[in-house]
Amino acid sequence: ARAAQVLFVGRLGREKGVMHLLEAWRRWGSDAPMLEVVGEGTESDAARRFVSEAGLESRVRLTGGLSFHDVQRRLAGSRLLVVPSLCFEGYPMVIREAFALGVPVAASDLGSLADIVDESVGRRFRPGDPGNLLEVVRQLWSDADALAAMAGAARARYERDLAPAPNVQRLMAIYETARAIRAARADGRLNGERS
């Protein structure tokens, strides 16, 4: 089996936009890279039917649910993660994992994804618009230098903002600030009292 070039990981529910992703791949045609769709959900049967009826079996692989280890292995071997959500997302764990592995992200321009996926680490497309998804991903895919630069930037972002060490340091600074405020209150300095 060919290695996944582009990856989707998530629940196959309507709100995740996987059917729009599959439609974009149908429109892309025979020169589309291999897309691997990892996950199960209410749209699983519809996705399997679509892939079969559109003749996408040579360009789209639906794996179903996989273990965490297998997902990490596939993500590490991918060149791009696509997050076509139609609903608000917080900070999807799969994006954090992609950044940790140096994988650029193409995501819906929606909610927090608009802030998380900036031009340094990926590209954004209009949610629910297979044509725009195709246009953005195909342009990005055709620019190997940009993908390589984004891969490096994604890993650097993980190291700077998302890895355990910087987060522990930020948390300790918050605790220290809270401790100092509490001590100041205990001394009466924050209540307008002067000794």
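Our structure is the block above this text.
Residues numbered from 1 in each chain as written. Predicted model: local features only at pLDDT ≥ 70, side-chain atom pairs only at ≥ 80, totals over all residues. Heavy atoms only, no water.

## Side note on the overall build of the chain
Right, on to step 1. The number of helices and strands found in the chain is eight helices and six strands.
Right, on to step 2. For the chain, the sequential pattern of α-helices and β-strands runs β-α-β-α-β-α-β-α-β-α-β-α-α-α.
Right, on to step 3. A globule of 195 residues ought to have a C-alpha radius of gyration of about 16 Å, yet the chain, at 21 Å, is considerably larger.
Right, on to step 4. Here the analysis covers contacts within the chain between residues at least 6 apart in sequence; of these, 68% occur between residues at least 24 apart.
Right, on to step 5. For the chain, the accessible area works out to roughly 10200 Å², and carbon and sulfur atoms hold 52% of it.
Right, on to step 6. When the 27 positive and 25 negative side-chain charges of the chain are each reduced to one mean point, those points stand 3 Å apart. (Helix = DSSP H or I, 4+ residues; strand = E, 2+ residues; numbered from the N terminus. Rg over C-alpha atoms; globule rule 2.2 N^0.38 Å. Contact = heavy atoms within 4.5 Å. Areas by Shrake-Rupley, 256 points an atom, 1.4 Å probe, with all protein chains shown as cover. Lys, Arg positive; Asp, Glu negative; His and termini not counted. Charge placed at Lys NZ, Arg CZ, Asp CG, Glu CD.)

## A short note on the pattern of salt bridges
Right, on to step 1. With the rule as written, the count across this model stands at 15 salt bridges.
Right, on to step 2. For D109, the salt bridge goes to R124, with nearest N and O atoms at 3.0 Å. Of this pair, D109 sits in the loop between β5 (105-108) and α5 (113-116) while R124 sits in strand β6 (residues 122-125), and the two are 15 residues apart along the sequence. (Salt bridge = Lys/Arg side-chain N within 4 Å of Asp/Glu carboxyl O.)

## Observations regarding the nonpolar core
Right, on to step 1. Formed by 30 residues in total, the largest nonpolar core has its most connected members in W25 and L80.
Right, on to step 2. Elements supplying a minimum of two residues to this core: β1 (6-9), α1 (18-28), β2 (35-38), α2 (44-53), β4 (80-83), α6 (130-141) and α7 (144-162).
Right, on to step 3. W25 has contacts with V6, A32, P33, M34, L35, L56, R59, V60 and V137, leaving out every residue within four places of it along the chain.
Right, on to step 4. If you look at the next biggest cluster of nonpolar residues, it comprises 21 residues, including V71, L75, A98 and V117. (Core = buried A, V, L, I, M, F, W, Y, C linked by side-chain atoms within 4.5 Å. Buried < 20%, exposed > 50% of the residue type's maximum accessible area, 1.4 Å probe, protein only.)

## Topic: the packing of helix α4 (residues 93-100) against α7
Right, on to step 1. At their nearest, the axes of α4 and α7 sit 7 Å apart, and the two run at 115° to each other. Relative to α7, the element α4 lies roughly perpendicular. Side by side, α4 and α7 meet where R96, F99 and A100 of the first sit next to A154, R155, R157, Y158 and L162 of the second.
Right, on to step 2. Across the contact of α4 with α7, the residue classes break down as five nonpolar, no polar and three charged. (Axes fitted to C-alpha atoms, helices over the stretch in contact; angles between N-to-C directions. Parallel < 35°, antiparallel > 145°, perpendicular 65-115°, else oblique. Nonpolar A, V, L, I, M, F, W, Y, C, P; charged D, E, K, R; others polar.)

## Considering the pairing of strand β3 (residues 60-64)
Right, on to step 1. Relative to β3, β2 is paired through four bridges, and the arrangement is parallel. Residue pairing for β3: L35 is matched across the bridge by V60.
Right, on to step 2. With α2 bridging β2 and its parallel neighbour β3, the resulting β-α-β unit is right-handed. (Pairing = 2+ DSSP bridges. Right-handed = clockwise from strand over helix to strand, strands pointing away.)

## A few points about the sheet that holds β4
Right, on to step 1. Across the sheet, six strands lie side by side as β3-β2-β1-β4-β5-β6; this open sheet has parallel pairing. On the outer flanks of this sheet lie β3 and β6, each paired with one strand and no other. This sheet shows a mean twist of 20° between the axes of neighbouring strands, independent of strand direction.
Right, on to step 2. Set on the sheet, α1 makes contact with β1, β2, β3 and β4; between it and β2 the angle comes to about 165°.
Right, on to step 3. Along the sheet, α4 contacts β1, β4 and β5; its crossing angle with β4, the most-contacted strand, is approximately 165°.

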